[in-house]
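Working through the structure, step by step
Residues per chain, in single letters:
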Amino acid sequence: MVILVTASPRRGSNSRILAERLLEEIGQEGIVFDLYKQNINFCIACNRCFENLRCFQEDDANRFFEYLERANLLIVASPVYFYGPPAPLKALIDRSQVYWYRKFILKEKLRKIKGIVVNTASGEDPKIFEPIEKITRVWLNSLNVKVEKYFKFDKLEEEWEVKRRKDYLMEVTLEGKKIRSLQTSRDR
Ligand SMILES: Cc1cc2nc3c(=O)[nH]c(=O)nc-3n(C[C@H](O)[C@H](O)[C@H](O)COP(=O)(O)O)c2cc1C
């Protein structure tokens, strides 16, 4: 199962359009977890998760972690907001603290899954992506998600704009086809 996490409030979200194209090409069953439709509270740094190995706040963050236990691929699609992730994605990242604790303090062998990230930004400088990439990679490493591909698409300002960017759409299409063919040869 594939989980696609989307982190844009826009109907014509460039990052989501690209990630959905990718998922379509992969051709596997997927769950879309739209962060702007979830109820995810902030981490309150109570550290209770270090004892319970689960956050005491029973909301959609815990639902996401349940999906994650069943997934073999996690796709994260997010715009860049002030060089970082949009607030709902940062809320989920902070709520993942229990995974960091399990992996790095308890040295638990967590199940490994694959990950792909799609970031979009309106600017042009490659440095735009440095902070969000660092944060996203640190987060995914805590979840024991191995990032196989990290897409950074710049110069996307307006909603739906990516529909005109055949080059960007082709990049994700090719990645999707590659994953599909690897999957097919493994199934044979
Ligand atoms: C609050 C906010 C902050 C943003 N900050 C940046 C930024 O720091 N750098 C940048 O290049 N684009 C920035 N953008 C533009 C978006 O990253 C860009 O339009 C992106 O393609 C939107 O992706 P989406 O269509 O999936 O929402 C910002 C947009 C908003 C609404």
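Residues numbered from 1 in each chain as written. Predicted model: local features only at pLDDT ≥ 70, side-chain atom pairs only at ≥ 80, totals over all residues.

With respect to the overall build of the protein chain
Scanning the protein chain from N- to C-terminus turns up seven helices and five strands. Counted from the first residue to the last, the protein chain has its helices and strands arranged as β-α-β-α-α-β-α-α-β-α-β-α. A compact globule built from 188 residues would reach a C-alpha radius of gyration of about 16 Å, and the protein chain, at 16 Å, matches this within 12%. With the C-alpha coordinates aligned to their principal axes, the bounding extent of the protein chain is approximately 50 × 45 × 30 Å. For the protein chain, the residues scored as buried account for 37% of the 188 residues in total. Intrachain contacts of the protein chain at a sequence separation of at least 6 include 80% that bridge at least 24 residues. (Helix = DSSP H or I, 4+ residues; strand = E, 2+ residues; numbered from the N terminus. Rg over C-alpha atoms; globule rule 2.2 N^0.38 Å. Buried ≥ 20, exposed ≤ 12 C-beta atoms within 10 Å, placed from the backbone. Contact = placed C-beta atoms within 7 Å.)

With respect to the site of the ligand
The local shell around the ligand holds 19 residues, among which S8, S15, P79, A121 and G123 are the closest. With three residues, the single largest contributor to the shell around the ligand is helix α1 (residues 14-26). (Near = placed C-beta within 6 Å.)

A few points about the pairing of strand β5 (residues 145-153)
Bridging between strand β4 (residues 113-120) and β5 involves eight bridges; their strand directions are parallel. Pairing of N119 across the sheet is with K152, part of β5. As a crossover connection, the stretch from β4 through helix α6 (residues 130-142) into β5 is right-handed. (Pairing = 2+ DSSP bridges. Right-handed = clockwise from strand over helix to strand, strands pointing away.)

Thoughts on the environment of S122
Relative to the elements of secondary structure, S122 occurs in the loop between β4 and α6. For S122, a count of 14 C-beta atoms within 10 Å gives the class partly exposed. Put simply, S122 and Y81 are 41 residues apart on the chain and 9.8 Å apart in space, counted from C-alpha to C-alpha.

Read these as spatial facts, not as claims about activity.
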